[in-house]
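# Observations on the model geometry
Residues per chain are reported as follows:
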Amino acid sequence: MESFLKKNFDLPAKNPSEEVQRRWRSAVGQIVRNRKRRFRMVADLQKRSEAEARRRSIQEKIRVALYVQKAALTFIAVGIKYQLPEDARKAGFYISPDELATIAREHNSERLKTKGGVDGISRKLSVSLEDGIKTSDLSLRQNIFGANQFAEKPTRSFWMFVWDAVQDLTLIILMICAVVSIGVGLATEGWPKGMYDGLGIILSIFLVVIVTAVSDYKQSLQFRDLDREKKKIFMQVTRDGYRQKVSIYDLVVGDIVHLSIGCQVPADGLFISGYSLSIDESSLSGESDPVFVTSEKPFLLAGTTVQDGSAIMLVTAVGMRTEWGRLMETLSQGGEDETPLQVKLNGVATIIGKIGLAFATLTFVVLVARFLVDKAIHVGLLKWFADDALLIMNYFAISVTIIVVAVPEGLPLAVTLSLAFAMKKLMDDKALVRHLSACETMGSSGTICTDKTGTLTTNHMVVDKIWICETSNSFRSKETSKHLRETLSEKVVCILLQCIFHNSGSEVVRGKDGKNIILGTPTETALLEFGLDLEGVIDTTHHRDCTKLKVEPFNSVKKKMSVLVSLPGGGVRAFCKGASEIIMLMCDKIIDGEGNAAPLSENQTKSVLDVINCFACDALRTLCLAYKDMGDAPRDEIPTEGYTLIAVFGIKDPVRPGVKEAVQTCLTAGIKVRMVTGDNINTAKAIAKECGILTDDGLAIGGSEFRNKSPEEMKELIPKLQVMARSLPLDKHTLVANLRSMGEVVAVTGDGTNDAPALHESDIGLAMGIAGTEVAKENADVIVLDDNFATIVNVARWGRAVYINIQKFVQFQLTVNVVALILNFVSACITGNAPLTAVQLLWVNMIMDTLGALALATEPPNDEMMKRPPTGRGENFITKAMWRNIIGQSIYQLLVLGVFMFDGKRLLGLSGSNADMVLKTFIFNIFVFCQLFNEINTRQMEKLNVFRGIFGSWIFSVVLLSTTVFQVIIVEFLGAFVSTVPLSWQLWVLSIVIGSVSMIVGVVLKCIPVGPVKSQSHNHNGYQPIPSGPPEV
């Protein structure tokens, strides 16, 4: 079985090729009862191909419009006349929505110029570029210019899921059989007795369809809620004169939107102001070259992303008036890729289905053959009666029902059920799973490459220490600010504050309550808070009277930010801040106590480096600030050398509570945690030791040293690598690629735009929900909404729960399959009839399929799951322990059922006219209770104590209780439809006792060693798989 599965049903967790997807679909063949339902959560390759063709066509049109557009085309476009709608004129707008939309979409500079540029457009839209729109105008603007919503597929109603469930071929055949049975029954046995058998089948089918539809519908609602969460993107806008955060779906034409690195442009618009704005338009045009947006070329298109720089834009078109709106229609076509477990279980279902089909055919052939032989001997083949037709029809119905039981449609769908349940729980626990496969893959991860800032630490930064004018101070808010004012000259304070306020990507803005709010990264927020405190005690803001000329924003490659400003008294000054070692290399002078630039001696350099290392060893993030007066130097480029060092800051970012315990949980679970950070190596080592990541025998290395290693040297040091400091995004990508080539399943965190390649390369990409850019989130599989490492561990915990729960369900279902098939076939061969009727088999099918999946596939994770190593690549899904349990339980059930089937009347002392019916009912009852107790058994495949945490899953308890209650109702009250008779209390007790013995059998089986699990992957995390043998309780 495993070789067949690996050959045809082995699917990579991320980015599977179309060839692999088609291969497993082909291998499934025709052994499918209900194609529409079984492949509901599987990608439609045909639709996807058509959508891709439409997307390419749209992109080509956009590319032509943007890059091949000639002046003649622009001239023609200018000539088009647009009528101003009356409702727009009455609302106080003086430009047609269609005309406005074409300006940005067609990059129409001529039309923009005729309208008076950006200022002219803002006047026609009745909006202030400083204060933004009024909130009271939102609904009016949405009515005139449209809402920022895109066309979506309509949601499916409950009745559509009912229709899907009815599409089951075997159920359709059974319905036909039931109708024929009713017709023949009424003709031979009269009303109402002749209806019972057929009506029983119809009622059973109705129950199966409704339960299936309810389960599928609830799953669809969970996925719909998750889809809504995925689409939640918020932007900074100016409205009513102050900054606020709004959903992109609430944006309207006229909004003033603030863009920064990694943002997705939420609508078409025009550039108002900004610095070094570089836009990636590949999502729209397919062109990979960045587009630089300036006042001369101010056009911004929805769906593109900010690659570098920052800007303020005026929204001119939203929703379906944008090219992105047209593209969005094609993005969800074809569905999401299937997960590896779904594909693997489709393979298992295919194998079992083929076996079941063979058994069902043989059962029908044997039953009919025995009937014909018996008829030939006693009556003759020439005499036929209505009862004969009814009997053959019942044989056929039983055979079809065997196929219903034998083809386990519920196996692949159980994965979807389990994943939907896990994803909903993870959403409640601050983890948004964007791709289904990530949830199950995370359970197999053996390595987590994590960032430090915000993930291991709180990301709430404050200035803890400052070194300036060769003096170190611990920062204590106003107290330290007053000390600095008293000890530093006015010139030094002015230069320091100029650098803090002007060389910053963050902003101090006015909130709704009139108070100052700092918007930006935590590091810059800490510096600005320090600056505001110091500014408050010197009681002047002259240092803010500078004009920015040029800005080079911070990014993770350069690890610095620079700005060129013109001073109020004349002259130009450059400021630079960033990673301490990098800024120190750019400095050859140091500011003295009077604010003058003095040469930086070797002793002073050594002293500054000692201060940096001292701060770093205290787990502080270190930053250096520097400046350079330009004099007669060229003013179109920001210099990279000749700076004067102003100060060294030590910024504190405490370790998150619970991180150390979460790291320890990972180590116990065989997951190695590696820290990859852009911080100083001493800071990184201090934090890593505090978190429990860096051990005595572990390796901490700088990014520059790592990237200079040869591939062979990398493979030698990576198993010991625990910390990488001062790393570039490319270093993280290289580390992930090497780990994957060594057989590891790798999860990696990222928050920046440059982390996208590493997130894409990894098995599971984890983007930060708070600090992460939209680019990082789009390339991630899971978004960690609270940026907390403990949440990542919780994702791994649920991933393991999904995998183990599906294993439990497969073990349970295979046991029922084996027993039902062999029991019916052997009985047909020996006695000439099947012990279980069609209606009874449909009830058994519901127990093992929909209800079994609900009970076993939704169990929450427990601590034991994180005390075993991860499942490596290539390990068998159905383990030796599972086969042991399946075979052992099947043998017990077959022996018990066989004994009562052939010698039950004597053993039970049954006599009288209804003895046969009592015995058949008793056998049916035993069979059901064996499955119920085996369901409890299956909760623990290795451990003896199967009751541990049983009440932690209310779904399991409800399913078990409701199945028991309904079994009583079926036997005692629905006998006419299900072919049962009421049982005495003694037979009920005996049924329960015989069923419960399967739990004792389970204990005995679990004490039989089956040898260690042989993993075909090579683990490099220092953990060995635990053996499966006599388990602990």
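Residues numbered from 1 in each chain as written. Predicted model: local features only at pLDDT ≥ 70, side-chain atom pairs only at ≥ 80, totals over all residues. Heavy atoms only, no water.

For the chain, an unreviewed UniProt entry supplies the name Calcium-transporting ATPase and the organism Apostasia shenzhenica. In its Sequence similarities (unreviewed entry) section, the UniProt entry covering the chain states "Belongs to the cation transport ATPase (P-type) (TC 3.A.3) family. Type IIB subfamily." (UniProt positions renumbered as here; feature names shortened; annotations may be inferred.)

### As for the domain arrangement of the chain
Assigned domains of the chain: these are domain 1 (80-148 + 251-332), domain 2 (159-221 + 340-420 + 796-1007), domain 3 (431-457 + 656-787) and domain 4 (462-652). A straight line from the C-alpha centre of domain 3 to that of domain 4 covers 31 Å. Between domain 3 and domain 4, the contact holds 13 residues from the first and 15 residues from the second. Counting the surface lost from both domain 3 and domain 4, the interface buries some 1,100 Å², and carbon and sulfur atoms represent 48% of this. Where domain 3 touches domain 4, the interface holds two salt bridges. In this structure, the salt-bridge partner of arginine 726 is glutamate 581, at a minimum N-O distance of 2.7 Å. Counting across the domain 3 and domain 4 interface gives seven residue pairs in polar contact (both at pLDDT 80 or more). (Domains from an automatic or database assignment. Contact = heavy atoms within 4.5 Å. Buried area = accessible area lost by both parts, 1.4 Å probe. Salt bridge = Lys/Arg side-chain N within 4 Å of Asp/Glu carboxyl O. Polar contact = N/O pair within 3.5 Å; in protein donor to acceptor, adjacent residues only side chain to side chain.)

### Remarks on the pattern of salt bridges
A complete count under the given rule lists 32 salt bridges for this structure. Of the charged contacts, one joins arginine 740 and glutamate 761 as a salt bridge, the two residues approaching to 3.7 Å between their closest N and O atoms. Of this pair, arginine 740 sits in helix 29 (residues 729-741) while glutamate 761 sits in helix 30 (residues 756-761), placing them 21 residues apart in sequence. Look at arginine 740 and you get partly exposed, because its relative accessible area is 30%. (Helix = DSSP H or I, 4+ residues; strand = E, 2+ residues; numbered from the N terminus. Buried < 20%, exposed > 50% of the residue type's maximum accessible area, 1.4 Å probe, protein only.)

### Let's talk about a nonpolar patch on the surface
On the surface, a nonpolar cluster with roughly 290 Å² of combined accessible area is contributed by Ile172, Met175, Ile176 and Val180. Within the fold, isoleucine 172 resides in helix 12 (residues 169-189). (Patch = residues over 30% accessible without salt bridge, like charges linked within 9 Å, V, L, I, M, F, W, Y side chains within 5 Å. Areas by Shrake-Rupley, 256 points an atom, 1.4 Å probe, with all protein chains shown as cover.)

### Here's the deal with the side chain of arginine 111
In this structure, arginine 111 sits in helix 8 (residues 109-114). Take arginine 111: its relative accessible area is 4%, and that puts it in the buried class. A polar side-chain atom of arginine 111 sits 2.9 Å from a polar atom in the side chain of glutamate 99.

### Quick look at the pairing of strand 23 (residues 721-725)
Within strand 23, five of the five residues are buried, which leaves the element mostly enclosed by the surrounding structure. Bridging between strand 21 (residues 672-676) and strand 23 involves two bridges; their strand directions are parallel. Following the sheet pairing, valine 676 is matched in strand 23 by methionine 724. Sheet topology note: the strand 22 (residues 699-702)/strand 23 ladder contains four bridges and is parallel. In the sheet register, glycine 702 faces strand 23, and the bridge partner there is alanine 725. (Pairing = 2+ DSSP bridges.)

### A few points about the packing of aromatic side chains
As enumerated under the stated definition, the model contains 11 aromatic pairs in all. Between the aromatic rings of tryptophan 843 and phenylalanine 966, the centroid separation amounts to 5.2 Å while the plane-to-plane angle is 45°, which identifies the pairing as tilted. With tryptophan 843 in helix 33 (residues 838-856) and phenylalanine 966 in helix 36 (residues 954-973), the pair connects residues that are 123 residues apart, well separated along the chain. The class for phenylalanine 966 is partly exposed, based on a relative accessible area of 28%. Through a chain of ring-to-ring contacts, the aromatic side chains of Phe158, Trp159, Phe161 and Tyr217 assemble into a single cluster. For arginine 156, the ring lying beneath its charged end belongs to phenylalanine 161, and the centroid distance is 4.8 Å. Here the basic side chain of arginine 939 rests over the ring of phenylalanine 956, its NZ or CZ set 5.6 Å away from the ring centre. (Phe/Tyr/Trp six-rings, centres within 6.5 Å; stacked < 30°, edge-to-face > 60°. Lys NZ or Arg CZ within 6 Å of the ring centre and 35° of its normal.)

### What about the environment of leucine 270?
Take leucine 270: it is sitting in strand 4 (residues 268-280). In sequence terms leucine 270 and valine 118 are 152 residues apart; their C-alpha atoms lie 6.8 Å from each other.

### Considering helix 24 (residues 602-617)
Taking 1.5 Å as the rise per residue, helix 24 with 16 residues should run 22 Å; its terminal C-alpha atoms sit 22 Å apart, in good agreement. Of the residues making up helix 24, those classed as buried are Gln604, Val608, Val611, Ile612, Phe615 and Ala616. Along helix 24, the residues classed as buried sweep out an arc of 135° about the axis, all on the same side. More than 90 degrees from the buried face of helix 24, the exposed residues found are Glu602, Asn603 and Lys606. (Expected span 1.5 Å × (residues − 1). Arc of directions from axis to C-beta.)

### Quick word on the packing of helix 35 (residues 915-938) against helix 36
Between helix 35 and helix 36, whose axes approach to 11 Å, the crossing angle comes to 175°. Relative to helix 36, helix 35 is oriented roughly antiparallel. Residues Thr921, Phe924, Asn925, Val928, Phe929, Leu932, Glu935 and Ile936 of helix 35 form the contact with helix 36, whose own contacting residues are Phe956, Val959, Leu960, Thr963, Thr964, Gln967, Ile970 and Val971. Along the lines of polarity and charge, the residues of the contact of helix 35 with helix 36 split into 10 nonpolar, five polar and one charged. (Axes fitted to C-alpha atoms, helices over the stretch in contact; angles between N-to-C directions. Parallel < 35°, antiparallel > 145°, perpendicular 65-115°, else oblique. Nonpolar A, V, L, I, M, F, W, Y, C, P; charged D, E, K, R; others polar.)

### Observations regarding unusual backbone geometry
Of note, the phi angle at histidine 107 is positive, near 50°, even though the residue is not glycine. With respect to the element layout, histidine 107 can be found in the loop between helix 7 (97-105) and helix 8. Relative accessible area serves as the criterion here: at 21%, histidine 107 is assigned to the partly exposed category. Even without glycine at this site, lysine 559 takes up a positive phi of about 55°. Along the chain, the position of lysine 559 falls in the loop between strand 14 (547-552) and strand 15 (560-566). Among the residues examined, lysine 559 registers a relative accessible area of 8% and is labelled buried.

### Quick word on the environment of lysine 81
Mapping lysine 81 onto the fold places it in the loop between helix 5 (71-79) and helix 6 (86-90). A relative accessible area of 73% means that lysine 81 is categorised as exposed. In sequence terms lysine 81 and glutamate 99 are 18 residues apart; their C-alpha atoms lie 8.5 Å from each other.

### What about the confidence of the model for the chain?
Per-residue pLDDT for the chain has a mean of 83; in total, 93% of the residues score no lower than 70. Counting interchain partners and residues more than four positions distant, the pLDDT-below-50 stretch residues 70-78 has nine contacts. With pLDDT under 50 throughout, residues 1013-1033 is counted as low confidence; its partners more than four residues away or in other chains account for 48 contacts. (pLDDT = per-residue confidence, 0-100.)

### Here's the deal with the sheet that holds strand 23
Read across the sheet, eight strands follow the order 8-26-25-24-9-21-23-22 without closing on themselves; strand pairing throughout is mixed. In this open sheet, the two edge strands, each paired with only one partner strand, are strand 8 (431-433) and strand 22. In this sheet, adjacent strand axes meet at a mean angle of 20° when their direction is disregarded. Where helix 29 meets the sheet, it contacts strand 9 (447-450), strand 21, strand 23 and strand 24 (746-750), and its direction lies at approximately 170° from that of strand 24.

### Quick look at a negative patch on the surface
Among the surface-exposed residues, Asp119, Glu130, Asp131 and Asp240 lie close enough to one another that they form a single negatively charged patch. The topology assignment puts aspartate 119 in helix 9 (residues 117-124). (Lys, Arg positive; Asp, Glu negative; His and termini not counted. Charge placed at Lys NZ, Arg CZ, Asp CG, Glu CD.)

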